[in-house]
Amino acid sequence: MKTIVCIGAGYVGGPTMAVIAKHCPEYRVEVVDVNAARIAAWQTDSLPIYEPGLLDVVKAVRGRNLFFYDDVEDRIDRADIIFVSVNTPTKGFGEGAGQAADLQYWERTARQIARCSTKAKIVVEKSTLPVRTAEALEAILHASENDVAFEVVSNPEFLAEGTAIRDLEEPDRVLIGARATPSGQAALEEIVKIYAHWVPRENIITTDVWSSELAKLTANAFLAQRISSVNAISALCERTGANVAHVSRAVGMDRRIGPKFLRAGVGFGGSCFRKDILNLAYLCEYHGLPEVAAYWRQVVELNEFQKRRFVRSMLGAMFNTLAGKRIAVFGFAFKPGTSDTRDSPAMAICELLIEEHAQLVVTDPRALDNAREDLKDAPDCAFTPDPYEAARGADAIALITGWPEYRELDYERIFRQMAKPAFLFDGWNELDHEALARIGFHVYRVGAPPLEPPPEST
Ligand code: NAD
Ligand code: UGA
């Protein structure tokens, strides 16, 4: 039985290893992390992350061939294959602060592997990394005093949160990059063999290490670029009376463009898009390509503009003052289907609202604990799992995460309990706006003109 050890039991490491363990019963899969509380939670039915379908997969394989440990160093040498899926956040200090990837966790892991290994291993880059990181990894591993043969393979992850299990079970592609040497190609085949248990061979694509590393950053940059493109058009729609949903539909039906990731909203969030594009831009700058860097950076700048624009539109609609007004914030997760609030547009929007001295009541079906933590230093913030409670007495509702639950609410009841005039700012064009205006709401949409209530209902 071969042993796979995955270092990093987060949003990527946990689900990815659970699915590998499910499909590859002849491998022993061990997930390790320095965060002992996280590892303890993986051993219960209250997993440390919320992801639809994940618990079922974990329960089916935990204790069979999937195991979780917090003694990272003791586990390393048991591995034939090590996946490294530690976090690679944006650097907050020194050279490249706010842009470059902070590789300290990555390098610490590389040094641990070098120090603790006494037998040959394949080390797989699962984290998203700057192109040519494998070079540094190889340098650290090959400097090991233990005289061990290491082969570095890149296998970036493309799953999206909220659909991680589906994305892992039926990936559009699995990408594996390795050196062209005989040992590099042998390592590549070992990794192909794992995925071939359930992924059609034609969907497993192989390449060199640098192309694999760069393809991951590029994929995220392209996805985010589409969102910024449609959000840019949404601003023009609001000025011209066009409707961005109609524009998106017409554009997306061109098969060369396609319909996905053309939804206008309050801007993209999540732990990766911003960090990966800024990292890509930094790499371009580093390699003497300032024009290319500026091109990609604009995708992030437009995203910041979209969040500010949302708050400005609230301010403009509500007579240019939000001070002391109660605003019900519907949704705090960075997107529906997850409890993750990392780099959520909700946080940026709440901060801007707080600067305006608004009083916030935040509600979210899954992310309320994280919201509480993120806003713990903010003044005038209340939290409730109940959207009716959040809206009671509020001057406005700001729908910031498009949870489908919010479509099902009784808005007549909500309207009755709000201060008047009652405003609703739908950051995702999620609700039935005509019906809301008929009830009496002043409805503000993204990328379409506002809808006023008929005169008799105000
Ligand atoms: P995460 O923060 O949820 O998990 C990373 C884990 O690594 C943490 O639990 C941390 O404690 C652990 N860790 C850090 N240093 C360690 C060490 N030296 N030894 C053992 N454990 C250590 O991060 P994530 O969201 O799973 O992302 C991991 C990587 O995957 C990042 O590079 C990210 O860009 C990439 N990625 C993330 C997603 C996603 O949807 N979240 C998707 C694709 C790729
Ligand atoms: C994204 C990519 O989709 C994954 O392929 C990638 O593996 C992952 O980043 C990563 O590297 O971490 P994720 O951030 O989990 O996945 O979620 P997405 O569904 O891509 O949504 C990201 C953000 O874009 C969300 O805030 C979402 O609301 C927003 N979005 C998405 C839009 O604003 N409009 C859209 O049309 C689609």
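Up top is the structure these notes are about.
To keep things clear, this report deals only with the structure shown in the data block. All of these numbers come straight from a predicted model, not from anything done at the bench.

On to the pairing of strand β7 (residues 174–177). On β7, burial covers both faces: Val174 and Ile176 on one face and Leu175 and Gly177 on the other are all buried. Judged from the four bridges that link them, β7 and strand β8 (residues 204–207) form a sheet pairing that is parallel. When the bridges of β8 are listed, Ile176 appears paired with Thr206. A crossover links β7 with its parallel partner β8, the connecting element being helix α8 (residues 182–195), and its sense is right-handed.

The subject of this paragraph is the packing of helix α1 (residues 13–23) against helix α3 (residues 54–61). As a packed pair, α1 and α3 sit with axes 9 Å apart at the nearest point and diverge in direction by 50°. The angle between α1 and α3 places the two elements in the oblique class. As α1 runs across α3, the sense of the crossing is left-handed. For the pair α1 and α3, the contacting residues are Pro15, Ala18, Val19, Ala21 and Lys22 in the first and Leu54, Val57, Val58, Ala60 and Val61 in the second. The residue inventory of the contact of α1 with α3, partitioned by class, reads nine nonpolar, no polar and one charged.

Around ligand 2, the surrounding shell holds 20 residues, and the nearest of these are Ala160, Arg263, Phe268, Gly270 and Cys272. Sort the elements by how many residues they give to the shell around ligand 2 and helix α9 (residues 209–240) lands first, with three residues. Taken together, the residues of the shell around ligand 2 break down into 11 nonpolar, five polar and four charged.

An order of β11-β10-β9-β12-β13-β14 is seen for the six strands of this open sheet, with the pairing classed as parallel. Two strands in the sheet have a free side with no partner beyond their single neighbour: β11 (381–383) and β14 (442–445). Neighbour-to-neighbour, the strand axes of the sheet open up by a mean angle of 20°, direction not taken into account. Of the pairings in the sheet, the one linking strand β10 (residues 359–363) to β11 comprises three bridges and is parallel in character.

All right, on to helix α13 (residues 345–355) then. All of the buried residues in α13 are Pro345, Ala346, Met347, Ala348, Ile349, Cys350 and Leu353. The inward-facing, buried residues of α13 abut α12 (290–317), β9 (326–330), β10, α14 (368–374) and β12 (396–399).

Rules of the game
Residues numbered from 1 in each chain as written. Chains lettered and ligands numbered in written order. Predicted model: local features only at pLDDT ≥ 70, side-chain atom pairs only at ≥ 80, totals over all residues. Buried ≥ 20, exposed ≤ 12 C-beta atoms within 10 Å, placed from the backbone. Helix = DSSP H or I, 4+ residues; strand = E, 2+ residues; numbered from the N terminus. Pairing = 2+ DSSP bridges. Right-handed = clockwise from strand over helix to strand, strands pointing away. Axes fitted to C-alpha atoms, helices over the stretch in contact; angles between N-to-C directions. Parallel < 35°, antiparallel > 145°, perpendicular 65-115°, else oblique. Left-handed = near helix turned anticlockwise from the far one by under 90°. Contact = placed C-beta atoms within 7 Å. Nonpolar A, V, L, I, M, F, W, Y, C, P; charged D, E, K, R; others polar. Near = placed C-beta within 6 Å.

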